[in-house]
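# Notes for the structure review
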2 protein chains.
Amino acid sequence: MTKKQQTAARSADVARLAGVSRSAVSRTFTEGAYVSDETRRKVLEAARMLNYSPNAIARSLSKRATGLVGIIAADLYNPVHAQMLEAMSRSLQARGFGIVLLVPDTSNFDEFIPRLLSYQVDAVITTVATLDTHLPLAAVQTGRPVVMMQQILGANVLNSVSSDDYGGGHAAGTLLCETGHRRIAYISGRSDTANNRDRERGLRDALAAHGLAVYAQANGLFTHEGAMTATRQLLSLSPRPDAIFCANDLMALAALQVSRGEFGMAVPDDLAIVGYDNSAPSMWSWPALTSVGPDMAEMVSLTVDMVVRKIATGDATVEHQVVPVRMVERQTTRERPTA
Amino acid sequence: MTKKQQTAARSADVARLAGVSRSAVSRTFTEGAYVSDETRRKVLEAARMLNYSPNAIARSLSKRATGLVGIIAADLYNPVHAQMLEAMSRSLQARGFGIVLLVPDTSNFDEFIPRLLSYQVDAVITTVATLDTHLPLAAVQTGRPVVMMQQILGANVLNSVSSDDYGGGHAAGTLLCETGHRRIAYISGRSDTANNRDRERGLRDALAAHGLAVYAQANGLFTHEGAMTATRQLLSLSPRPDAIFCANDLMALAALQVSRGEFGMAVPDDLAIVGYDNSAPSMWSWPALTSVGPDMAEMVSLTVDMVVRKIATGDATVEHQVVPVRMVERQTTRERPTA
DNA sequence: TTGTACGCGTTATCAG
DNA sequence: CTGATAACGCGTACAA
C-alpha cells in the first residue's frame, strides 16, 4: 500500500510536498501561530499523506522544554501507590504532559536521579516516603519544580502535597475509644517516615483525650509480612488488645488474617481493626476493613495543579498543601452507640 | 556555595574548563570510545566541578535512539498489573533504559499512541488486554519493536509474551474435579479478551475429561464489583454450586466476600474458590486464596530480553512466547485426597 | 503572513 | 588519540 517507510517523515519532507517552507509546517503544528488557513490546509494534507507527526525530541531541544514530567514511584504492590500513579498519569496526560517513570532500586538510588534529569523532565513528582532527601534536592538544584506526595522527614524545603496524617491517626483513636475499646494497640510503619510519626502522634493524643495510652505497639514496617509478625506479638499478650490500629491497609489485612485464622478471634466482636489509606483492598476483605484516608483524587488534583502552575510561572516558592482525611467505617469496627 | 546555575552546564563549558575539545568530552561520556586517561581525567574533573551530565535529549537527536521504552499500562488497581509494571520498570532500568509511561484513557485512546511515538521511544510494551489492535499496529508501522504481554484477540502479527491461559484454566478445573466437586461454576472476565476465552476453554476441557460440564456461569468483567453481582447470581441457584473458578483474583476475592458475608457459606467446606493470577492479595485474604498463575518474574524477564534483543538487532520477525502456569493451593480449596 | 538563517546540545566523520 | 565540522529535526527572531 504505502511505501515502506524505513525512516519517518520530517518537517522538510512535508514542506516539500506541500510546496511551502519548513517554518510553515512548524507553525501549523504550533499552538497559536500565524498561518493562513490555506497554508495550514496544504500542510495538514501533506502531513497526512506522509503520516508525519513532529519529533518531540527535536522540538524539546529547540524549545528547551520537554513536556515530560518525571514520576518517582515504588512499592506498587501497595495498592494505594499504584492507584496514585494511575490517577496522576491520567491527569498529567490530560494536561498534555508525558510521563517518565522512575522506579528506584534501593541499591542504586543515586544513579537514577541524574538519569531522570538527563531526560530534561520539566518537573519531578515523587510518591516514595522513604526517599533520601538529597535526591529530590538534586532535582531542585537544577531549577525544576519538585513536588512530593509524602512528607519526608527533614525535607521542608521541598514542595509537598500530603494528607493529614495526624488527623487520621487521631480519628482512628477517637473512633476506637468511642466504640468502647480500652486496650488499643498500634502496628506502626517504618519509623523513618513522617507518615508513621504523625499517625502515631494523632493516635496517642486521641487516646490521651480519653484517659488512655497505647496498650501495646509493634512495628510492621508497612508490609504485610511484617504486620503478620507484629500481630502475633500483640495477640500473645495477656490480656489481648481489644483493638488494633494499623498504619496502613496492607498491615490491617494482615492483622485481620492472623487474628481470625491463627487466633480464632471474631472481628469486630473480639477485636476491632482500623486500617489507613482507604485503599481498594479495604473493600475486598471480609469483613470489609474500616479505614481512614485522604481523598486520593483531591491529592492528585492538587499536585498536578501545583506542578503545572510552577512549570508555567517558574514560581520557586515552597508550598505545603495538606488534604483532610475521612474515616470510612466498614465492618471491622463496632457501630458507634447512637448518641 | 556554588554559583546559582540558572542554566545547566553544556559539554562546551566542560571542554573549555578542561582545555579540550567538545569531542573529547563526548567521548569521555561514551561507552568504549578512545580517550587517553589523561584527557578523561581532566574532563571528569571539570564535569564534576560544573555538575555536568550529558543532555539525553540532545544525545537522542544525534544518535537517532532515545534509550526510552514506552509502556502502555492500565487497570493498575489490579495488583497483577501494578506488580508487572514495577518489575518491568526495574528490569528495563537495570538494562539502561528509561521508561515513558502511557495510561490510556478509554475516551481518547487514539491520541495517545502518536504522542508516545513522538517521543521516539525505541520500543513499546503493552500490558493492556483490551487494547484496540490498531494502536500497537500503528507503533509497528514505524518500525519499532512492539511486545504485548497479553494476547489480544486477532493480533497475531504482534510479538507476545503471554501465559498459558488454557493450561491455567485446565489446571483449575482439574483441581476442583479431583477434590470432589461436581457443581463447578465459572465467573468469567471480559469476553473480548483472549485471556478469558482460553481460561474458559481450559476449564471446560478439564471438566469434560471428568464427565462434567460447567454448572453455571456469569460474567464478572474482571472487576471486583462485577464479580459480586455474578456471585450473587450463581449462589442463588438451587442447588448451589459447590465450587467457583474465577478468571482473576480480584473476582475470586469478591466471591469469597459474598459467599461468606452474604450467604454465610464456609470456604472451602461449602464452597471451593479458585482465582487466577496468583497476585499478592491472594495471600492476604483469610482464608488465603488458591490461585493459578504464571511466574511473573519469568514473564517480565522474557519480555525485556525480547525487547532489548529486537532493539539491538532490528529483528522484525514475530515471536510468541508462552510461559507455563503454576497452581498454588492455599486455603480456599480442599486438600487433595492422598493417592 | 511567509521564508531565511541560526541555535538547541550532542554525536559521527574525517583529517590531522 | 584529538579537534574541527557537519548532521540530527525543529522553533523562532528577523527581514521580506
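On a predicted model such as this, the values are computed, not experimentally measured, just so you know.

Next up on the list: the protein's contact with DNA strand C. The environment of DNA strand C is formed by 23 residues, the closest being Ser23, Arg27 and Thr39 of chain A together with Ser11 and Ser26 of chain B. Of everything in DNA strand C that lies within 4 Å of the protein, sugar and phosphate atoms constitute 62%. Note that a phosphate oxygen of DNA strand C is positioned 2.6 Å from one of the side-chain N or O atoms of Ser36 of chain A. Take Ser26 of chain B: an N or O atom from its side chain is 2.6 Å from a phosphate oxygen of DNA strand C. Elements supplying a minimum of two residues to the surface near DNA strand C: helix H2 (22–28) and helix H4 (56–63) of chain A together with helix H2 (22–28) and helix H4 (56–63) of chain B.

All right, on to the UniProt feature "domain: HTH lacI-type" (unreviewed entry) in chain A then. UniProt's feature table lists "domain: HTH lacI-type" (unreviewed entry) at residues 9–63 of chain A, given in the numbering used throughout. In residues 9–63 of chain A, helix accounts for 67% and strand for 0%; the two terminal C-alpha atoms are 20 Å from one another.

Right, let's get into the pattern of salt bridges. Pairing is possible between side chains of opposite charge, provided their charged atoms come close. In the structure shown here, the tally under the stated rule is 38 salt bridges over all chains. The closest approach of N and O atoms between Lys310 of chain A and Glu319 of chain A, which form a salt bridge, is 3.0 Å. One exposure class covers both Lys310 of chain A and Glu319 of chain A, and it is buried. Glu329 of chain B is the salt-bridge partner of Arg336 of chain B, the closest N and O atoms lying 2.8 Å from each other. The class of Arg336 of chain B is partly exposed, set by a relative accessible area of 36%.

Further remarks concern the nonpolar core. Of all hydrophobic cores here, the largest spans 56 residues; its most connected members are Met88 and Leu92 of chain A together with Met88 and Leu92 of chain B. With residues near it in sequence (within four places) discarded, Met88 of chain B still touches Ile71, Ile125, Thr127, Met149, Val300, Thr303 and Val304 of chain B.

With respect to spatial proximity, 25 residues lie near DNA strand D, and among them Ser11 and Ser62 of chain A together with Arg27, Ser36 and Thr39 of chain B are the closest. Restricting the count to atoms of DNA strand D within 4 Å of the protein gives a sugar and phosphate share of 58%. Side-chain polar atom of Arg22 of chain A to a base oxygen of DNA strand D: 2.7 Å apart, as the coordinates give it. Within the residue set of the surface near DNA strand D, elements represented by two or more residues are H2 and H4 of chain A together with H2 and H4 of chain B. Here the surface near DNA strand D is composed, by residue class, of eight nonpolar, 10 polar and seven charged.

The predicted coordinates ought not to be read in detail in places where the model reports low pLDDT. Across chain A, pLDDT averages 92, with 97% of residues at or above 70. Residue range residues 1–5 of chain A is modelled with pLDDT below 50. Its contacts to residues more than four positions away, or to other chains, number three contacts.

Once turned by 180° and shifted 0.1 Å along the axis, chain B lies on chain A with an RMSD of 0.1 Å. Classification of the inter-copy transformation places it as that of a two-fold axis. Minimal C-alpha distance to the rotation axis in chain B is attained by Val100 of chain B, lying at 2.3 Å. Interface overlap between copies is the fraction of interface residues in one copy that are interface residues in the other; for chain B against chain A it reaches 100%, indicating a shared surface.

On to the side chain of Ser89 of chain B. All names here are of chain B. Topologically, Ser89 is positioned in helix H5 (residues 79–94). By relative accessible area, Ser89 is classed as buried at 0%. At 2.7 Å, the side chain of Ser89 and the backbone oxygen of Leu85 are in polar contact.

Take the packing of helix H1 (residues 11–18) of chain B against helix H3 (residues 37–50) of chain B next. Residue and element names in this part refer to chain B. Two elements in contact, H1 and H3, have axes whose closest approach is 9 Å; the angle formed by their N-to-C orientations is 120°. The angle between H1 and H3 places the two elements in the oblique class. Both H1 and H3 take part in a crossing whose hand is right-handed. For the pair H1 and H3, the contacting residues are Asp13, Val14, Leu17 and Ala18 in the first and Lys42, Val43, Ala46, Ala47, Met49 and Leu50 in the second. Residues belonging to the contact of H1 with H3 are distributed by class as follows: eight nonpolar, no polar and two charged.

Thresholds applied
- Residues numbered from 1 in each chain as written.
- Chains lettered and ligands numbered in written order.
- Predicted model: local features only at pLDDT ≥ 70, side-chain atom pairs only at ≥ 80, totals over all residues.
- Heavy atoms only, no water.
- Near = heavy atom within 4 Å.
- Polar contact = N/O pair within 3.5 Å; in protein donor to acceptor, adjacent residues only side chain to side chain.
- Helix = DSSP H or I, 4+ residues; strand = E, 2+ residues; numbered from the N terminus.
- UniProt positions renumbered as here; feature names shortened; annotations may be inferred.
- Salt bridge = Lys/Arg side-chain N within 4 Å of Asp/Glu carboxyl O.
- Buried < 20%, exposed > 50% of the residue type's maximum accessible area, 1.4 Å probe, protein only.
- Core = buried A, V, L, I, M, F, W, Y, C linked by side-chain atoms within 4.5 Å.
- Contact = heavy atoms within 4.5 Å.
- Nonpolar A, V, L, I, M, F, W, Y, C, P; charged D, E, K, R; others polar.
- pLDDT = per-residue confidence, 0-100.
- Least-squares fit on C-alpha atoms with pLDDT ≥ 70 in both.
- Axes fitted to C-alpha atoms, helices over the stretch in contact; angles between N-to-C directions.
- Parallel < 35°, antiparallel > 145°, perpendicular 65-115°, else oblique.
- Left-handed = near helix turned anticlockwise from the far one by under 90°.

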